[in-house]
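# Notes for the structure review
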Amino acid sequence: MSDAIVVDIEGTTSSGSHVHTELFPYSRRRVPEWIRRPDPGVAAIVEEVRAVAGRPGASLSEVAAILRSWIDADVKAAPLKTLQGLIWEAGFTSGELTSHLYPDVPHALRDWHAHGRRLYVYSSGSVLAQRLWFRHTPYGDLSQCLSGYFDIRNAGPKREAASYAAITAAIGVPGPRTLFLSDTPDELDAARRAGWRTAQVLRPEEGTAPAPGHVQVTGFHEVAEAAAW
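Below: a short report on this structure. If you're wondering where the values come from, they're calculated on a predicted model, not measured in any experiment. (Residues numbered from 1 in each chain as written. Predicted model: local features only at pLDDT ≥ 70, side-chain atom pairs only at ≥ 80, totals over all residues. Heavy atoms only, no water.)

### Concerning the packing of aromatic side chains
Rule in force here: Note on aromatic contacts: the rings of Phe and Tyr and the six-membered ring of Trp form a pair at centre separations within 6.5 Å, being stacked when their planes are under 30 degrees apart, edge-to-face when over 60 apart, and tilted otherwise. Elements are defined by DSSP. Helices are runs of H or I of four residues or more, strands are runs of E of two residues or more, and each kind is numbered from the N terminus. Think of it in three bands: with a 1.4 Å probe and only protein chains considered, a residue is buried below 20% of the maximum accessible area for its type, exposed above 50%, and partly exposed in between.
Evaluated as defined, the whole model comprises seven aromatic pairs. Pairing Tyr-164 with Trp-196 gives two aromatic rings, centres 5.1 Å apart and planes at 90 degrees, and the pair type is edge-to-face. Separated by 32 residues along the polypeptide, Tyr-164 in helix 7 (residues 161-171) and Trp-196 in the loop between helix 8 (185-193) and strand 5 (197-201) bring together distant segments of the chain. Trp-196 gets classed as buried once you look at its relative accessible area, which sits at 2%. When the ring of Phe-180 is compared with that of Trp-196, the centres are 6.0 Å apart and the planes differ by 75 degrees; the resulting orientation is edge-to-face.

Written as structure tokens, this is what we have:
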């Protein structure tokens with residue numbers, strides 16, 4: 001029995017192509033303008049980019065180029081993810097952006113929530129971006145089903161077991177009673193090392209290769225049976 005379910009986003013609840021063809025280009029186009037905003041939070045992001053890149057004297061144009069190169073390479077850098085969250089917030093609020101969910105996901109989240117399971121999100125995208133993603137879906141606001149959000153700032157990198165141990169401590173649910181759903185083998189392996197139960201989501205559209213040692217499902221509708229609730 002799993003008391004808590006933690007879900008990945010890209011390739012698991014949602015299409016990876018939507019993120020890469022819609023959200024990434026949206027933020028990439030707006031980076032130069034955003035980093036010039038007279039906002040203390042944005043200024044702090046700029047300084048963090050300089051520090052992470054090892055370029056303390058980088059101009060704003062150089063910082064923009066660094067951020068765009070990180071977007072192009074899908075680098076999981078905390079300052080980039082924070083800035084993208086702010087940019088996407090404006091896009092979701094204006095209606096220019098909407099999220100994507102596979103059709104089996106909304107029903108499953110609502111059903112699991114109704115049956116008392118605590119649901120969490122763990123993604124490389126910022127907590128702000130995660131909240132926006134589940135609030136602005138084609139199926140309505142699903143954020144009410146979720147008990148919390150974790151990213152690389154408040155939990156750590158997704159391929160390290162210590163990050164999953166940190167989430168266990170935060171939610172207060174033992175690892176053996178926590179189920180992690182992801183498409184990525186390295187993430188599933190890290191969760192398993194932290195004592196979590198795991199299931200790999202193999203979306204046909206994503207072309208994900210099966211990961212040995214993990215239960216495999218093709219959608220959230222198969223999770224209950226595969227996880228033997």
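From this point on, the discussion continues.
### Focus: the sheet that holds strand 6 (residues 215-217)
To keep things clear, this is the line we draw: One requirement defines pairing of two strands: DSSP has to find at least two bridges between them. An axis is simply a line fitted to the C-alpha atoms; with a helix, the fit covers only the stretch in contact. Between two such axes, the angle follows the N-to-C directions and lies from 0 to 180 degrees.
Reading across the sheet, the six strands line up as 3-2-1-4-5-6 and stay open at both edges, with parallel pairing between neighbours. Both outer strands of the open sheet, strand 3 (148-150) and strand 6, are each paired with one neighbouring strand and no more. Within this sheet the neighbouring strands show an average axis-to-axis angle of 25 degrees, counted without direction. As paired strands, strand 4 (residues 178-182) and strand 5 are joined by four bridges and run parallel to one another.

### Side note on the environment of Ala-4
What counts is decided by this rule: Should any heavy atoms of two residues lie within 4.5 Å, those residues are counted as being in contact.
You can see Ala-4 is positioned in strand 1 (residues 4-7). The spatial distance from the C-alpha of Ala-4 to the C-alpha of His-113 is 10.0 Å, given a sequence separation of 109 residues. Apart from residues lying up to four places away in sequence, Ala-4 is in contact with Arg-118, Tyr-120, Ile-171, Val-173, Arg-177, Thr-178 and Leu-179.

### With respect to helix 7
Keep this limit in mind: The reported arc concerns the directions from the helix axis to the C-beta atoms and nothing else.
When helix 7 is considered as a whole, its buried residues turn out to be Ser-163, Tyr-164, Ile-167, Thr-168 and Ile-171. Down the axis of helix 7, the sector holding all buried residues measures 145 degrees, keeping them to one side. Of the exposed residues in helix 7, the ones pointing more than 90 degrees away from its buried face are Ala-162 and Ala-169. In this fold, the buried residues of helix 7 make contact with strand 1, strand 2 (118-122), strand 3, strand 4 and helix 8.

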